[in-house]
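Listed below are the residues making up each chain.
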There are 2 protein chains.
Amino acid sequence: MKQGQGKPAADGECRESETAPDLELERFLPYRLSVLTNRVSRLMAREYESRYGIGVSEWRAMAVLGREAALSAGEVAERTSMDKVRVSRAVAALLHKGFVERRRDPVDQRVARLSLTARGEEVYRRVAALALAFEARLLAGFHAEERRRLFGFLERLDRRVLELGAEP
Amino acid sequence: MKQGQGKPAADGECRESETAPDLELERFLPYRLSVLTNRVSRLMAREYESRYGIGVSEWRAMAVLGREAALSAGEVAERTSMDKVRVSRAVAALLHKGFVERRRDPVDQRVARLSLTARGEEVYRRVAALALAFEARLLAGFHAEERRRLFGFLERLDRRVLELGAEP
DNA sequence: TTGACCTTGTTTCATGTGAAACTAAGTTTC
DNA sequence: GAAACTTAGTTTCACATGAAACAAGGTCAA
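Residues numbered from 1 in each chain as written. Chains lettered and ligands numbered in written order. Predicted model: local features only at pLDDT ≥ 70, side-chain atom pairs only at ≥ 80, totals over all residues. Heavy atoms only, no water.

J.: Requested: an account of the packing of aromatic side chains, with residues and values cited.
T.: Tallied over the full model, the rule gives seven aromatic pairs over all chains. A centroid spacing of 5.4 Å and a plane angle of 55° characterise the contact between Phe142(A) and Phe153(B), whose relative ring orientation is tilted. On the criterion of chain membership, the pair formed by Phe142(A) in the loop between helix H5 (118–138) and helix H6 (144–166) and Phe153(B) in helix H6 (residues 144–166) is interchain, its members lying in two chains. Residue Phe142(A) shares its accessibility class with Phe153(B), and that shared class is buried. An angle of 40° between the planes, with centres 6.0 Å apart, marks the rings of Phe153(A) and Phe153(B) as tilted. Of this pair, Phe153(A) sits in helix H6 while Phe153(B) sits in helix H6, each in a different chain. (Phe/Tyr/Trp six-rings, centres within 6.5 Å; stacked < 30°, edge-to-face > 60°. Helix = DSSP H or I, 4+ residues; strand = E, 2+ residues; numbered from the N terminus. Buried < 20%, exposed > 50% of the residue type's maximum accessible area, 1.4 Å probe, protein only.)

J.: So what about the interface of chain A and chain B? Which residues, and what values?
T.: Opposite the 75 residues of chain A that make contact, chain B presents 76 residues. Interface area, chain A with chain B, both sides summed: about 7,400 Å², of which 62% is carbon and sulfur. Considering only the surface of chain A that becomes buried against chain B, Leu23(A), Leu36(A) and Arg67(A) emerge as the three largest contributors, covering 9% of it. Taken together, the connections running from chain A to chain B amount to 10 salt bridges. Secondary structure elements with two or more residues in the side of chain A that touches chain B: helix H1 (29–52), helix H2 (56–67), helix H3 (73–80), H5 and H6 of chain A. Per-element accounting of the side of chain A that touches chain B gives the leading share, 15 residues, to H6(A). Of the residues belonging to the side of chain A that touches chain B, the class tally is 38 nonpolar, 13 polar and 24 charged. (Contact = heavy atoms within 4.5 Å. Buried area = accessible area lost by both parts, 1.4 Å probe. Salt bridge = Lys/Arg side-chain N within 4 Å of Asp/Glu carboxyl O. Nonpolar A, V, L, I, M, F, W, Y, C, P; charged D, E, K, R; others polar.)

J.: Can you explain the packing of H1(A) against H5(A)? Please cite residues and give values.
T.: Residues and elements named next belong to chain A. One can describe the packing of H1 onto H5 by two numbers: an axis separation of 11 Å at closest approach and a directional angle of 150°. In terms of orientation, H1 lies roughly antiparallel with respect to H5. In this structure, H1 crosses over H5, and the sense of that crossing is right-handed. For the pair formed by H1 and H5, the contact residues are Val 40, Leu 43, Met 44, Glu 47, Tyr 48, Arg 51 and Tyr 52 on the first element and Val 123, Arg 126, Val 127, Leu 130, Ala 131, Phe 134, Arg 137 and Leu 138 on the second. (Axes fitted to C-alpha atoms, helices over the stretch in contact; angles between N-to-C directions. Parallel < 35°, antiparallel > 145°, perpendicular 65-115°, else oblique. Left-handed = near helix turned anticlockwise from the far one by under 90°.)

J.: Pulling in residues and values, what's your account of the nonpolar core?
T.: Counting residues in each nonpolar core, the largest one holds 94 residues, and the members touching the most others are Trp59(A), Met62(A), Trp59(B) and Met62(B). Apart from residues no more than four positions distant in its own chain, Met62(B) is found in contact with Ile54(B), Leu94(B), Phe99(B), Leu116(B), Gly120(B), Val123(B) and Tyr124(B). (Core = buried A, V, L, I, M, F, W, Y, C linked by side-chain atoms within 4.5 Å.)

J.: Before we move on, can you summarise unusual backbone geometry with the specific residues and values?
T.: Even without a glycine there, the phi angle at Ala70(A) is positive, about 60°. Along the chain, Ala70(A) falls in the loop between H2 and H3.

J.: Help me get a handle on the side chain of Glu58(B), residues and values and all.
T.: Position of Glu58(B) relative to the elements: it lies in helix H2 (residues 56–67). In this structure, Glu58(B) is in contact with Gly53(B), Ala90(B), Ala93(B), Leu94(B) and Lys97(B), ignoring residues within four places of it in sequence.

J.: If you had to explain helix H3 (residues 73–80) of chain B to someone new, which residues and values would you point to?
T.: When H3(B) is considered as a whole, its buried residues turn out to be Val76(B), Ala77(B), Arg79(B) and Thr80(B). Lining the buried residues of H3(B) we find H1 of chain A together with H2, helix H4 (84–97) and strand E2 (112–116) of chain B. Immediately downstream of H3(B), the backbone of Ser81(B) shows phi near 60°, a positive value.

J.: Any details on the protein's contact with DNA strand D? Residues and values, ideally.
T.: Around DNA strand D, the structure places 21 residues, and the nearest of them are Ser88(A), Arg102(A), Arg89(B), Gln109(B) and Arg110(B). In DNA strand D, atoms within 4 Å of the protein come from the sugar-phosphate backbone in 56% of cases. Between DNA strand D and the protein, one listed contact pairs a phosphate oxygen with a backbone N or O atom of Gly74(A) at 2.8 Å. Contacts to DNA strand D include Ser57(B), whose side-chain N or O atom sits 3.5 Å from a phosphate oxygen. Those elements that provide at least two residues to the surface near DNA strand D are H3 and helix H4 (84–97) of chain A together with H4 of chain B. Tallied by class, the residues present in the surface near DNA strand D amount to six nonpolar, five polar and 10 charged. (Near = heavy atom within 4 Å. Polar contact = N/O pair within 3.5 Å; in protein donor to acceptor, adjacent residues only side chain to side chain.)

Written as structure tokens, this is what we have:
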């Protein structure tokens, strides 16, 4: 099924810039990451979206507010790696659903202090449990050492991509 | 900066379902994958978008057509893990830009056989080279054994997520 | 050969996204 | 103390996404 009539890249000659780079998507890291990530996200989101009616952005905001209350929108953005627009919308939705409450910071009227409501806390606990269970199933075949290594790799790649993004 | 006033989860008691699961986004695999992937994709896409005016979907379609010509849209979808809507639009854009040509399959008039044009081939070669160079920079700190391990992990996770998605 | 069904690919529609413009509040400078 | 600047968060706009409806071709059975 492979190699319908691809480019075997001939052997000898190699006209001009016709180097025909050997790029196979299956072995290309950005592609593999993208496909895997989308599958993981979709599968997990499906669960809490259908059960609790919240999307990924909302869940991320709740996840940080569940551990640390009275954050500003900007702090939520930092901790979730989302931009401020996405946070703004996620928070608006959560306010509307009654999972988050907002009060203006008395010292600086521009910032809004965000916290989970009682209902929000409840949902947070459930979704957090769901999420951890999902992760556990995902990593079921990995023993402790492998998990460490996996996270180590992701950590290194993340640092690296930030470096590369900063340079040019 | 951490632990503004989070939930230290007390120590002894644990009312009702108040198990307060310990979910820290930084240590949560789906989140880590998502953030890393988005950074990688954005950074790389920026390069070829600005230079060659093609987006991620278009690039993926070209990547498979560059190795294997006369594919149907459905086959492109399979090989790129994109759905048929995305492929349809990517192909429409590539046709418009003159990077791809389409001819109806004489045997089955429903399917369209897609191939890169000469210009498409040229762009394919350049973007492929760009992509491979980018990947090389990304993996610069990984020696061969680590790369193998990394891809092995991704492979296992991918299989696992497909299993989990198929079950329920 | 005609009618029921399936398959390929496109279009519609409702939603999510982020860059840039914007509003409101705070700070600085002279 | 008021113009100039900065910062927090929202809104606008233009575009990407995917589920579902659709059109057009193909297959199968009676």
